[in-house]
Each structure stands twice: as C-alpha cells, then as structure tokens.
Amino acid sequence: MGIFNTLKSFFSISEEENKATKNKMKFFMLQALKKDDLSGFEIVYGKLAENKDNLVTRKTQYHNYAIAFNRQTSELIILPIDPKLASCGWPIFINNETLKKAETVLFGTAFSFDLKDGDNIMFDTPAQNYKISKILGALEIPIIQEKEVNSFKEFFNKNYKK
C-alpha cells in the first residue's frame, strides 16, 4: 500500500494542489477582466501541444488556457496562462462579433475556434492532467477537473455545435 500511495502521489496531484491551481486560474481571470466577482462563470483548464517540424529538429510548443464560460449569457473568455501559473496574457472574447466558426476536432476531443481576424484557437480540456507530464518536460498544468470538463462540453454543444 505504501508503494502504491507513493506512485500515486508522483503522478496525480493532491486535493490541495488542485484547489490552489483552480484558485490561481480564477485569480488570473478576475485580474484580466478587472472584476471583483465571476458570478455565473465556470472555469476550465484547456491545453494544446503543437509540434513544429523543420529540417533537422522538432519543437513542441505548449499553450495553456483558463477558459471562463457562462451558461446563462453564453459568454466565453479564453485567457492564455503561464504553465507555472506565474502570469497570464490578454483575454480573448468569443462572441458573434469575433467568431467565424467553432467546431470540435481531433475526433471530438478538442475544440477549435476560427476568429474573424484570421486567428485560430484550439485546445482540449483534460479531465485529469498528471504531474508526470510536467516532470517529463511538458509545459502543462496538473489538474483534476472532470465536472468542469463535462460542463464545458455541454456549454459548447449547446452554443456552438451545429
């Protein structure tokens, strides 16, 4: 039992670490939106690993996002975040004025948003992202978020799936 618990703690994050990660994403969202409260919003973690090949090497570029969505108002805000949870970028608002097309890709495991300005944002929302990926060099955030993932999928299907 002791070895199993040690291995489990090596791969998975604790409840305290998970809560701290979610609180940090919420803090960044509040800061970026210059709000005191996120009533009505749910937040989910999204990520994308992009492989860039050239003649001699392959480089993987990681993207991490805090995604806030509101079921009642259909608002969707995507906030780039640092994998160390040290900083965040500028919020991206997805609405009728900015969105060209939204769809699920990669056999329904990822979400893709084509924006009218030509940009594309794509991410998946893992139910659980293990610590081992970070240890192995991936710039991802360990998290457990099964409830949030299911809620986001319902939100996406209701608002964007044709």
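Just so it is clear, the model here is predicted, and its values are computed rather than measured.

Points about the overall build of the protein
In terms of regular secondary structure, the protein is built from 4 helices and 9 strands. Listing every helix and strand of the protein by position from the N terminus yields α-α-β-β-β-β-β-β-β-β-α-β-α. A total of 162 residues make up the protein; the buried ones form 38% of that total. Within the protein, contacts between residues at least 6 apart in sequence are counted, and of these 51% link residues at least 24 apart. Surface summary for the protein: the accessible area is close to 10,200 Å², and the carbon and sulfur share equals 54%.

Description of the nonpolar core
Ranked by size, the top nonpolar core spans 19 residues in total, and within it L76, F113, F123, F152 and Y160 carry the most contacts. When contributions to this core are tallied by element, the ones reaching two or more residues are β2 (58-70), β3 (76-80), β5 (99-105), β6 (110-115), β7 (120-123) and α4 (146-159). Top element by residues in this core is α4. It accounts for 4 residues. Filtering out sequence-adjacent residues up to four positions away, Y160 remains in contact with S74, L76, I94, L99, A102, F113 and F155.

Re the packing of aromatic side chains
As enumerated under the stated definition, the model contains 15 aromatic pairs in all. Geometrically, the ring pair formed by F69 and F155 is tilted, given 5.1 Å between the ring centres and 40 degrees between the ring planes. Of this pair, F69 sits in strand β2 while F155 is found in helix α4, placing the two residues 86 residues apart along the sequence. In this structure F69 comes out as buried when scored by relative accessible area, which is 0%.

Some words on the pairing of β6
Most of β6 sits out of view: 5 of its 6 residues are buried. The sheet contact formed by β5 and β6 spans 6 bridges and is antiparallel. Across the sheet, the residue bridging to V105 is A110, located in β6. Relative to β7, β6 is paired through 4 bridges, and the arrangement is antiparallel. Looking at the pairing, F111 lines up with F123 of β7. What sits between β6 and β7 in their antiparallel hairpin is a turn of 4 residues, with G118 showing a positive phi close to 100 degrees.

Comments concerning the sheet that holds β6
Two strands in a sheet stick together by hydrogen bonds in their backbones, pointing the same way (parallel) or opposite ways (antiparallel). If you trace the 3 strands from one edge of the open sheet to the other, you get β5-β6-β7, paired in antiparallel fashion. Of all strands in the sheet, those bounded by a partner on one side alone are β5 and β7. Ignoring which end each strand starts from, the neighbouring axes of this sheet average 10 degrees apart.

Reading guide: rules and limits
Residues numbered from 1 in each chain as written. Predicted model: local features only at pLDDT ≥ 70, side-chain atom pairs only at ≥ 80, totals over all residues. Heavy atoms only, no water. Helix = DSSP H or I, 4+ residues; strand = E, 2+ residues; numbered from the N terminus. Buried < 20%, exposed > 50% of the residue type's maximum accessible area, 1.4 Å probe, protein only. Contact = heavy atoms within 4.5 Å. Areas by Shrake-Rupley, 256 points an atom, 1.4 Å probe, with all protein chains shown as cover. Core = buried A, V, L, I, M, F, W, Y, C linked by side-chain atoms within 4.5 Å. Phe/Tyr/Trp six-rings, centres within 6.5 Å; stacked < 30°, edge-to-face > 60°. Pairing = 2+ DSSP bridges. Axes fitted to C-alpha atoms, helices over the stretch in contact; angles between N-to-C directions.

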